[in-house]
Amino acid sequence: ILERAKELGISKNQIIVDGLVTTVGANKNAAIETLETIRYCKEDLNLCTTMGLSNISFGLPERPYVNSAFAAMAIASGLTMAIANPSNQLLMGISFASDLLRNKEGSDIAYIEQIQRMAPLKEAAMAKAAQSAGNNGIKKTEQTDNKSTDKEADQKKNPVFEAVLKGNKDGIVDFVKEELSQGTKPGEILDGLLIPAINEVGTLFDKQIYFLPQLISSANTMEQAVEYLEPLLKEKMPTIIIATVEGDIHDIGKNLVALMLRNYGYEVIDLGKDVQADKIIAAAKEHNASIIVLSALMTTTMMRMKDTIALKQKENLNVKVMIGGAVTTQSFADEIGADGYSKDAADAVRLAKKLLSE
């Protein structure tokens, strides 16, 4: 890219590299990989860099802590600028402090001025917290009581259910075998224990009691159980084709949706990322799919969803199409003629059931 830019008369100081940031909740090496990109661009290529900070914490609780720590590490690695929330006092304070510690010219004065700007905001926040302290005390008591009640209820539940709920990937198959030895049929384990358990995980995720790492852990646990039970299940479930559309290389969200759908027993054919419309339609025909799931994370690629739906209609293919991804909405789904839109993996399962029932 640098060589081509030079040929076109674009100098290095006109180039900014955006280091792709994915959530550490789904990819444990996400931060490490981005920081290495920043370091490489700074030290080896002498290029300016930027990145979207908040992606790193998607699906995690108390995100400002993760974002701020990531910002400090990125600045130390040579980050030039960032797409960030300027009203986040913790993040801004750490940013100015990082410049101070790196002895950036004028950083001492800049840090002091930033702290002075933050002081009135901090005082207002403390006053608001003090005002609501009484109510918070009541809420904490209620939450503790609820947690105690939930814990007692969980202890009475089946070990298979509990394993999925807690993400016990290593023990789940043994619990399933034990359940089978007691005479429980494979279909009853799937419908009566595994699916209710992952539904409960989805509910906890919706309520922000569980977060993305827990959702993935439970989904992976259930996948182990479903893989073991699959040869024993007589009923063949509908086939679903899933793909990230042409031009888009993002697949973490798509992979999670595929995992969740498999956990419900569906036959999922994952075509991967950057997949052309004709290949998606061809796969749907080949596998006699009931649903096509399309994912896109960029505004520049979301219109490829429309292309795929247009090709489906041209081929008179009787298959439902559902879409998802950060840039998509229900109104966009309606606009391009999709049969439904899901906001996350748990919602995708609910939507698939609804579309199949129709």
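What counts, and where the lines are drawn
Residues numbered from 1 in each chain as written. Predicted model: local features only at pLDDT ≥ 70, side-chain atom pairs only at ≥ 80, totals over all residues. Heavy atoms only, no water. pLDDT = per-residue confidence, 0-100. Contact = heavy atoms within 4.5 Å. Helix = DSSP H or I, 4+ residues; strand = E, 2+ residues; numbered from the N terminus. Axes fitted to C-alpha atoms, helices over the stretch in contact; angles between N-to-C directions. Parallel < 35°, antiparallel > 145°, perpendicular 65-115°, else oblique. Left-handed = near helix turned anticlockwise from the far one by under 90°. Nonpolar A, V, L, I, M, F, W, Y, C, P; charged D, E, K, R; others polar.

**Notes on the confidence of the model for the protein**
At step 1: When pLDDT is averaged across the protein, the result is 88; 92% of the residues are at 70 or more.
At step 2: This model gives residues 138-145 a pLDDT under 50, and the stretch forms zero contacts once residues within four places in sequence are excluded.

**Some points on unusual backbone geometry**
Glycine aside, negative phi is the norm for most residues, and most peptide bonds take the trans geometry.
At step 1: We note that E62 has phi near 50°; this positive angle belongs to a residue other than glycine.
At step 2: Position of E62 among the secondary structure elements: in the loop between β2 (48-50) and α3 (63-77).
At step 3: Located in the positive-phi region is N288, a residue other than glycine, with phi close to 50°.
At step 4: With respect to the secondary-structure elements, N288 resides in the loop between α12 (277-286) and β5 (291-295).

**Here's the deal with the packing of α12 against helix α13 (residues 303-314)**
At step 1: Between α12 and α13, whose axes approach to 9 Å, the crossing angle comes to 45°. The orientation of α12 with respect to α13, classified from their angle, is oblique. In the crossing of α12 with α13, the sense of the turn from one axis to the other is right-handed. Side by side, α12 and α13 meet where A277, D278, I280 and I281 of the first sit next to D307, T308, L311 and K312 of the second.
At step 2: When the residues that make up the contact of α12 with α13 are grouped by side-chain class, the tally is four nonpolar, one polar and three charged.

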